[in-house]
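Residue strings, one per chain:
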Amino acid sequence: MKKFFSEFKAFISKGNIIDMAVGVVVGGAFSKIVSSLVADIINPLVGLATGKVELSEMKYILQPEIVDAATETVTQAEIALKYGNFLQMIIDFLIIAFSIFVVIKVMMGTQKKLESLKHKNEEEVVEAAPTTKVCPFCKSEIAIDATRCAHCTSEVE
């Protein structure tokens, strides 16, 4: 299991163009499923662990909004670092990347099995008995069961 996660870490950290392209395609396909998983399953668990705070609403307020007391209108908007939404996007990314990794791992295993079957079939063809031999005198190719060379008429064993 440790090797599996170290392979996942290596996969996620290398900057290979093909891996990135696969990530974009498969990530797009999984995006709705992953978004639902994060929003409907993971966020409630994180909210429960953090005191029933919704992950996407977590923020650090740099400057609170200023409200005019007389008219009750906002004169200056709140300035905040919305790190909760950022954390949610990181969780989305990790789930998508992990899903892609698992799919590619399964595909590579299937490909290796197919290649091993192909090599077994090639070995069976290579191991077929020869049907010809070379005449030791004139070096011509003759039938394996011939007792005389058809080209130089020498007797061969």
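Scroll up for the structure.
Residues numbered from 1 in each chain as written. Predicted model: local features only at pLDDT ≥ 70, side-chain atom pairs only at ≥ 80, totals over all residues. Heavy atoms only, no water.

S.K.: So, the overall build of the protein: which residues are in play, and what are the values?
M.R.: Tallying secondary structure elements over the protein gives three helices and six strands in all. Element order for the protein, N to C, with α for helix and β for strand: α-α-β-β-β-β-α-β-β. In terms of overall dimensions, the protein is more spread out than a globule: its C-alpha atoms have a radius of gyration of 34 Å, far above the 15 Å expected for 157 residues. By the burial criterion, 17% of the 157 residues in the protein qualify as buried. (Helix = DSSP H or I, 4+ residues; strand = E, 2+ residues; numbered from the N terminus. Rg over C-alpha atoms; globule rule 2.2 N^0.38 Å. Buried < 20%, exposed > 50% of the residue type's maximum accessible area, 1.4 Å probe, protein only.)

S.K.: With reference to specific residues and values, describe the packing of aromatic side chains.
M.R.: One pass over the full model with this rule turns up six aromatic pairs. Pairing Phe4 with Phe5 gives two aromatic rings, centres 5.6 Å apart and planes at 85°, and the pair type is edge-to-face. Of the residues examined, Phe4 reaches a relative accessible area of 23% and is grouped as partly exposed. Taken together, the ring pairs connect Phe4, Phe5, Phe8, Phe98 and Phe101 into an aromatic cluster. (Phe/Tyr/Trp six-rings, centres within 6.5 Å; stacked < 30°, edge-to-face > 60°.)

S.K.: Quick rundown of unusual backbone geometry? Include the residues and the values.
M.R.: Even without being glycine, Glu72 reaches a positive phi, approximately 55°. Residue placement: Glu72 occurs in the loop between β2 (66-67) and β3 (74-76). The phi torsion at Thr153 lies on the positive side, around 60°, for a residue other than glycine. By the element assignment, Thr153 lies in the segment after β6 (141-143).

S.K.: Before we move on, can you summarise the side chain of Lys133 with the specific residues and values?
M.R.: Within the secondary structure, Lys133 is located in strand β5 (residues 132-134). Asp145 provides the closest opposite charge to the buried, unpaired Lys133, separated from it by 7.4 Å. In this structure the side chain of Lys133 is engaged in a polar contact, spanning 3.4 Å, whose partner is the backbone oxygen of Ile144. With near-sequence residues (within four places) excluded, Lys133 lies in contact with Ser140, Glu141, Ile142, Ala143, Ile144, Ala146, Val156 and Glu157. (Lys, Arg positive; Asp, Glu negative; His and termini not counted. Salt bridge = Lys/Arg side-chain N within 4 Å of Asp/Glu carboxyl O. Polar contact = N/O pair within 3.5 Å; in protein donor to acceptor, adjacent residues only side chain to side chain. Contact = heavy atoms within 4.5 Å.)

S.K.: Run through the environment of Val22, naming residues and quoting values.
M.R.: Counting through the fold element by element, Val22 comes out in helix α2 (residues 17-49). Distance from Val22 to Glu78, taken between C-alpha atoms, is 40 Å for residues 56 residues apart in sequence. If sequence neighbours within four positions are ignored, Val22 has contacts with Gly27, Ile100 and Ile104.

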